[in-house]
Every structure is written in structure tokens, then in C-alpha cells.
Amino acid sequence: MEKKATKATTRVQLELAEKSFERLNALKDKTEAASYAEVMKNALRLYESIIAQHDAGKRLCLKDSNGNITEYEVFC
């Protein structure tokens with residue numbers, strides 16, 4: 001029988017203001033995430049990617065339904 005590789009994990013406990021928890025819960029529901037941890041992992045991946053692109057000199061832009069493009073100021 002093969003052994004499954006186990007990934008080391010670290011438990012993190014967060015204390016959130018009520019409004020922040022409501023936002024986390026809304027994101028969990030909206031994205032159909034299985035857990036709050038999944039929401040947090042996805043958020044960290046996205047944030048890390050945006051920072052890497054910013055460090056590479058790129059900028060994040062948003063395009064609305066009319067085709068208007070606006071630079072999104074991530075780090076003001």
C-alpha cells in the first residue's frame with residue numbers, strides 16, 4: 001500500500017471585526033468555497049500575484065461594460 005504524501009500545515013487563528021467577518025462569509029457564499037480557509041488561500045494567491053505584477057512594473061486596469069478602461073490603484 002502506498003503512503004500518501006502529507007503536507008505540513010500551520011493553524012492560524014484570526015480575530016476579525018464583525019464587518020470583516022461578514023465580508024469573509026459573503027465571499028465564501030459567493031464563491032461557493034468549502035471553507036473560510038479556502039477563501040483566505042485564494043485571496044492570498046490573488047494578492048501575491050497582484051504584488052508580483054506591480055513589482056514588475058505592470059498596472060491593474062478595469063474595463064467597464066462600455067469599454068472604458070480605468071487604472072485601479074492598488075497601492076495608493
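Residues numbered from 1 in each chain as written. Predicted model: local features only at pLDDT ≥ 70, side-chain atom pairs only at ≥ 80, totals over all residues. Heavy atoms only, no water.

**Description of the packing of aromatic side chains**
Moving on, step 1. Enumeration over the complete set of coordinates arrives at one aromatic pair.
Moving on, step 2. One cation-aromatic arrangement involves Lys28 over Tyr36; the distance from NZ or CZ to the ring centre is 5.5 Å. (Phe/Tyr/Trp six-rings, centres within 6.5 Å; stacked < 30°, edge-to-face > 60°. Lys NZ or Arg CZ within 6 Å of the ring centre and 35° of its normal.)

**Details of the pattern of salt bridges**
Moving on, step 1. Under the criterion given, the structure shown has one salt bridge.
Moving on, step 2. Between Glu71 and Arg59 there is a salt bridge, and its shortest N-O distance comes to 3.9 Å. On the criterion of sequence distance, the pair formed by Glu71 in strand 2 (residues 69-71) and Arg59 in the loop between helix 2 (36-55) and strand 1 (61-63) is long-range, its members being twelve residues apart. (Salt bridge = Lys/Arg side-chain N within 4 Å of Asp/Glu carboxyl O. Helix = DSSP H or I, 4+ residues; strand = E, 2+ residues; numbered from the N terminus.)

**Comments concerning the packing of helix 1 (residues 18-31) against helix 2**
Moving on, step 1. Relative to each other, helix 1 and helix 2 sit at 90°, their axes nearing to 9 Å. In terms of orientation, helix 1 and helix 2 fall into the roughly perpendicular class. Residue-level contacts link Phe21, Leu24, Asn25, Leu27, Lys28 and Thr31 of helix 1 to Tyr36, Val39 and Met40 of helix 2.
Moving on, step 2. When its residues are assigned to classes, the contact of helix 1 with helix 2 shows six nonpolar, two polar and one charged. (Axes fitted to C-alpha atoms, helices over the stretch in contact; angles between N-to-C directions. Parallel < 35°, antiparallel > 145°, perpendicular 65-115°, else oblique. Contact = heavy atoms within 4.5 Å. Nonpolar A, V, L, I, M, F, W, Y, C, P; charged D, E, K, R; others polar.)

**Topic: helix 2**
Moving on, step 1. With 20 residues, helix 2 should reach 28 Å at 1.5 Å per residue; the first-to-last C-alpha distance of 28 Å fits that figure.
Moving on, step 2. Between the side-chain oxygen at the start of helix 2 and the backbone nitrogen of Ala37 there is a gap of 3.4 Å, and the oxygen is on Ser35.
Moving on, step 3. Just beyond helix 2, the residue with positive phi is Gly57, at close to 90°. (Expected span 1.5 Å × (residues − 1). Polar contact = N/O pair within 3.5 Å; in protein donor to acceptor, adjacent residues only side chain to side chain.)

**What to know about the environment of Ala34**
Moving on, step 1. Position of Ala34 relative to the elements: it lies in the loop between helix 1 and helix 2.
Moving on, step 2. You can call Ala34 exposed: its relative accessible area is 69%.
Moving on, step 3. Counting along the chain gives ten residues from Ala34 to Leu24, while the straight-line C-alpha distance between them is 13 Å. (Buried < 20%, exposed > 50% of the residue type's maximum accessible area, 1.4 Å probe, protein only.)

**Some remarks on the side chain of Lys28**
Moving on, step 1. Assignment of secondary structure puts Lys28 in helix 1.
Moving on, step 2. The buried charged residue Lys28 lacks any salt bridge, with Asp29 as its nearest oppositely charged partner at 4.8 Å. (Lys, Arg positive; Asp, Glu negative; His and termini not counted.)

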